[in-house]
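Survey of secondary and tertiary structure
The residues making up each chain are set out below.
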Amino acid sequence: MLNMAEGLSRLGALAAHPVVRTLADAFAEAGFELAVVGGPVRDALLGRPTHDLDFTTNARPDDILRIVTPISTAQWDIGRAFGTIGARVQGEQVEITTYRDDSYDGTTRKPVVEFGEDISGDLLRRDFTVNAMALQVPEVKLVDPTSGVEDLVAGVLRTPIDPAVSFGDDPLRMLRAARFSAQLEFSIEQGTRRAMEELRDTLRIVSPERIQGELIRLMQTDDPVRGIRVLVDTGLIDLFLPEVPALRLEVDEHHHHKDVYEHSLTVLRQAIALEKSRNPGAEPDVALRIAALLHDIGKPRTRRLEPGGGVTFHHHDAVGSRMARKRLQALRFDGDTIDAVAKLIELHLRFFGYAEGAWTDSAVRRYVRDAGDLLERLHILTRADVTTRNKRKAARLAGAYDDIERRIVELREQEELDSIRPELDGNQIQQILGIAPGREVGEAYRFLLDLRLDEGVVGPDAAEQRLRDWWAARA
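Attention in this report is confined to the structure presented alongside it. Predicted model only: the values in this text are computed from it and were never measured.

So, on to the sheet that holds strand β5 (residues 92-98). The pairing of strands in a sheet happens through backbone hydrogen bonds and is either parallel or antiparallel. The strand order across the open sheet formed by seven strands is β3-β4-β5-β2-β1-β8-β9, and the pairing between neighbours is mixed. Unpaired on one side and paired on the other, β3 (74-76) and β9 (141-143) mark the two borders of the sheet. Adjacent strand axes in the sheet meet at a mean angle of 30 degrees when their direction is disregarded. Note: strand β2 (residues 53-57) against β5, five bridges, orientation parallel. Bridge pairing in β5 links T57 to T98.

This is the structure we're talking about:
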């Protein structure tokens, strides 16, 4: 619950921030208004940490640049056409934007910029009332033309103007509603939510890069599940990640299986909890979280109803990996993220064979080799994938994974497990066998790698003899 007395005190602290005070004094001396706007004001009222400082002013871009240059170590004007000047002040990056009255062309989502003269008009063009507040400085005056404080108290997301107009101006705001719902744990006002459902098809005109950016921000929140449910329930996610709602498989009276959609959301939550406990203080692992959400997306395509009421999903790991790769490519994710998500999904079932019976050292080595630098993420995903309510089964699986992690540590102490290589390299293979570079060298290399994985270190002499024996057997 928002305590207004405490909130106003925090606004005073925000106004006293060295960067805010420095800019406020400079703009006031030049005869212009200045206000901290949006997220920093909202978060200060809520008692949340404030991060990026955004400002708005009645000064035009040329004036902004002239004012900030003497008090900053760097300036950039890449956003000048939209009225925004960036600067680094006392080590912090800030953006200062001229009051605006934007309109959109309805096709490209590019705003037609019109500079405004009044801060209230500028605030009306923002996405939600809780982000449409400003703190005027240096006088420390809260400007709240759309009752954002009341919505903060109520924990509600609402657009400052008719939601059909607001979302029509920029459909990405509908995804932002889902993200803020998760980030702030706020509900979405009924009319705003209804507009999201009715206008969801307008999201088609938003670029994949912008959608990707908003999806990443959602996955970086402490609990993305709330936002994912909003996207699924409004139908918005059908337009850019339809594999998620497809997890809601039909269950008939004869064939029973767990709810794959709810299971996936639980896995996501459990993966985040493990991520935080195993890597405290680290940045949110977006690739791991996306893999947790999508790890079972191959199930709808591979589901088979068996006689007697059984249901199978053979090879859903491989199918899901390919599906995830294709979808993330369409959303313009970077190659490293795509590769990590696809590989984690491909490997997420590998461990469950271990729980059925102890693996050999060779199998453990292969597990580590195949996971590569994704091993820690695979540990988290595999543990998170246990959502059974059967306490005995859950305990057995947890114990098995404790065991495999212990064995990996022991094997690492015995050998360089993370960088397993054959004991003979390609040049040595050519010299021993008297062959030129080509396919046969690759086959010999793979033979020696299998030997290394199966038997560990045998020594170069023994490896050479085994290579000669293998070569002779081919003749």
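In an α-helix, one turn spans 3.6 residues; hence positions three or four apart end up facing the same way. With 13 residues, helix α8 (residues 172-184) should cover 18 Å at 1.5 Å per step; its first-to-last C-alpha distance of 18 Å lies within 8% of that length. Among the 13 residues in α8, eleven count as buried, and that is most of the element.

Judged by how many residues are buried, β2 sits mostly within the fold: four of five residues are covered. As judged from the three bridges shared by strand β1 (residues 34-37) and β2, these two strands associate in the antiparallel manner. Its bridge partner lying in β2, V36 is registered against F55.

Turning next to the side chain of D296. One can find D296 in the loop between α13 (286-294) and α14 (299-302). Residues in contact with D296, not counting those within four places in the same chain, are L247, V260, H263, S264, H316 and H348.

Attention now moves to the packing of helix α12 (residues 260-278) against α13. It is at 7 Å that the axes of α12 and α13 come closest, and there the two elements cross at 155 degrees. By the angle between their directions, the pair α12 and α13 is classed as roughly antiparallel. You can see that α12 and α13 cross each other, and the crossing is right-handed. Where α12 abuts α13, its residues S264, L265, V267, L268, A271, I272, E275 and K276 lie against L288, R289, A292 and L293. Looking at the contact of α12 with α13, its residues break down into eight nonpolar, one polar and three charged.

Attention now moves to a negative patch on the surface. Judged by side-chain charge, E33, D101, E114, D118 and E139 come together as a negatively charged surface patch. The residue D118 is located in the loop between β7 (111-112) and α5 (119-124) in this model.

Under the criterion given, the structure shown has 37 salt bridges. Put simply, R210 and D170 hold a salt bridge, and the shortest N to O gap is 2.9 Å. Within this pair, whereas R210 is found in helix α10 (residues 208-219), its partner D170 is found in the loop between α7 (163-169) and α8, the two being separated by 40 residues in sequence. Residue classification places R210 among the partly exposed positions, given a relative accessible area of 29%. Notably, a salt bridge pairs R332 with E209, separated by 3.5 Å at the nearest N-O pair. Of the two residues, R332 is situated in the loop between α15 (316-330) and α16 (335-347) and E209 in helix α10; the sequence distance between them amounts to 123 residues. Each of the salt bridges in this network shares a partner with another, and the network as a whole consists of R278, E376, R383, D402 and E405.

How two aromatic rings sit relative to each other is given by the distance of their centres and the angle of their planes. Per the stated rule, a full pass over the model turns up three aromatic pairs. With centroids separated by 6.1 Å and ring planes inclined at 80 degrees, the aromatic side chains of F128 and F180 adopt a geometry described as edge-to-face. Within this pair, whereas F128 is found in the loop between α5 and β8 (134-137), its partner F180 is found in helix α8, the two being separated by 52 residues in sequence. Between W470 and W471 the ring centres are 6.1 Å apart and the planes differ by 45 degrees, which places this aromatic pair in the tilted class. The class of W470 is buried, set by a relative accessible area of 19%. The ring of F180 has R179 lying over it, and the distance from NZ or CZ to the ring centre is 4.5 Å. Against the face of F313 rests K299, its NZ or CZ located 4.8 Å from the ring centre.

The N-to-C vectors of helix α2 (residues 18-29) and helix α4 (residues 61-68) enclose an angle of 120 degrees; their axes lie 10 Å apart at closest approach. Taken together, the axis directions place α2 and α4 in an arrangement best described as oblique. Crossing handedness for the pair α2 and α4: right-handed. Residues L23, A26 and F27 of α2 pack against I64, I67 and V68 of α4. Residue composition of the contact of α2 with α4, by class: six nonpolar, no polar and no charged.

Scoring rules and cut-offs
Residues numbered from 1 in each chain as written. Predicted model: local features only at pLDDT ≥ 70, side-chain atom pairs only at ≥ 80, totals over all residues. Heavy atoms only, no water. Pairing = 2+ DSSP bridges. Helix = DSSP H or I, 4+ residues; strand = E, 2+ residues; numbered from the N terminus. Axes fitted to C-alpha atoms, helices over the stretch in contact; angles between N-to-C directions. Expected span 1.5 Å × (residues − 1). Buried < 20%, exposed > 50% of the residue type's maximum accessible area, 1.4 Å probe, protein only. Contact = heavy atoms within 4.5 Å. Parallel < 35°, antiparallel > 145°, perpendicular 65-115°, else oblique. Left-handed = near helix turned anticlockwise from the far one by under 90°. Nonpolar A, V, L, I, M, F, W, Y, C, P; charged D, E, K, R; others polar. Patch = residues over 30% accessible without salt bridge, like charges linked within 9 Å, V, L, I, M, F, W, Y side chains within 5 Å. Areas by Shrake-Rupley, 256 points an atom, 1.4 Å probe, with all protein chains shown as cover. Salt bridge = Lys/Arg side-chain N within 4 Å of Asp/Glu carboxyl O. Lys, Arg positive; Asp, Glu negative; His and termini not counted. Charge placed at Lys NZ, Arg CZ, Asp CG, Glu CD. Phe/Tyr/Trp six-rings, centres within 6.5 Å; stacked < 30°, edge-to-face > 60°. Lys NZ or Arg CZ within 6 Å of the ring centre and 35° of its normal.

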